[in-house]
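# Coordinate inspection notes
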Amino acid sequence: QANNSQGFWTLEVAEAGDYQVELRRWPREADFPITGSVPPGEPVSGGNAYPKGKILPIIKAGIQIGDQEMTAPVKDDQSAVTFDINLTTGPTQLTSWYKDPEGNEYGGYYVYITKL
């Protein structure tokens, strides 16, 4: 439903080095565009179906890990935005977001981190 909610992930960087952070609105297996919708989900046992996803006019994606902040433009057909970042060992926090043309922020719900 594209709620304007944000949170963070607490990370423990076990090995210093270069990493790729992949930010998605939908999980990899869904592979829908960041700005697009998803079909409604099937009802589950004892519950209701998830509603159809909301289309959003996202134009920018961003992450912040510790004191490093990065942003990138988002194209209509793009399903992910990637950022290359160098991390040092130890605890840190990751925050991710999307912005629309009016500056409204939406959470970056799916993040995948790979050591390069």
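Above this text is the structure in question.
Fair warning: this is a prediction, and the values are worked out from it, not measured in the lab. (Residues numbered from 1 in each chain as written. Predicted model: local features only at pLDDT ≥ 70, side-chain atom pairs only at ≥ 80, totals over all residues. Heavy atoms only, no water.)

### Observations regarding the sheet that holds strand E2 (residues 17–24)
Strands pair in a sheet through their backbones, by hydrogen bonds, and they do so in one of two ways: parallel or antiparallel. Strand order in the open sheet made by the 3 strands is E5-E2-E8, with antiparallel pairing throughout. Edge positions in the sheet fall to strand E5 (81–87) and strand E8 (110–115), since each of these pairs with one other strand and no more. Strand-to-strand twist in this sheet, taken as the mean axis angle between neighbours without regard to direction, amounts to 25 degrees. Sheet topology places E2 next to E5; 7 bridges connect them, and they run antiparallel. Bridge assignment links glutamate 22 to a residue of E5, and that residue is threonine 82. (Pairing = 2+ DSSP bridges. Helix = DSSP H or I, 4+ residues; strand = E, 2+ residues; numbered from the N terminus. Axes fitted to C-alpha atoms, helices over the stretch in contact; angles between N-to-C directions.)

### Quick word on the side chain of glutamate 22
Among the structural elements, glutamate 22 can be located in strand E2. Within polar-contact distance, the side chain of glutamate 22 engages the side chain of arginine 28 at 2.5 Å. Not counting residues within four places of it along the chain, the set of residues in contact with glutamate 22 comprises Arg28, Ala80, Val81, Thr82, Tyr110, Val111 and Tyr112. (Polar contact = N/O pair within 3.5 Å; in protein donor to acceptor, adjacent residues only side chain to side chain. Contact = heavy atoms within 4.5 Å.)

### Some words on unusual backbone geometry
Leaving glycine out, the prevailing phi sign among residues is negative, and the prevailing peptide bond configuration is trans. Of note, aspartate 31 is a non-glycine position whose phi angle comes to about 50 degrees, a positive value. The residue aspartate 31 is located in the loop between E2 and strand E3 (60–65) in this model.

### Notes on the side chain of serine 79
By the secondary structure assignment, serine 79 is in the loop between strand E4 (68–73) and E5. Residue class for serine 79 comes out buried when judged on its relative accessible area of 18%. A distance of 3.2 Å separates polar atoms of two side chains, one belonging to serine 79 and the other to aspartate 31. In contact with serine 79, not counting residues within four places along its chain, are Leu23, Arg24, Asp31, Phe32, Pro33 and Ile34. (Buried < 20%, exposed > 50% of the residue type's maximum accessible area, 1.4 Å probe, protein only.)

### Remarks on the packing of aromatic side chains
This structure, assessed with the given rule, holds 0 aromatic pairs. A cation over an aromatic ring shows up here: lysine 115 above the ring of tyrosine 19, its NZ or CZ 5.4 Å from the ring centre. (Phe/Tyr/Trp six-rings, centres within 6.5 Å; stacked < 30°, edge-to-face > 60°. Lys NZ or Arg CZ within 6 Å of the ring centre and 35° of its normal.)

### What about the environment of tryptophan 97?
Note on placement: tryptophan 97 falls in strand E6 (residues 90–99). Expressed as a C-alpha distance, the spacing of tryptophan 97 and glycine 107, which sit 10 residues apart in the sequence, is 4.6 Å.

### Things to note about the pairing of E3
Of the pairings in the sheet, the one linking E3 to E4 comprises 6 bridges and is antiparallel in character. The residue of E4 that forms the bridge with lysine 60 is proline 73. The hairpin turn running from E3 into E4, its antiparallel successor, is 2 residues long, and glycine 66 in that turn takes a positive phi close to 60 degrees. As defined by bridge partners, E3 adjoins E6 across 6 bridges and the pair is classed as antiparallel. Across the sheet, the residue bridging to alanine 61 is tyrosine 98, located in E6.

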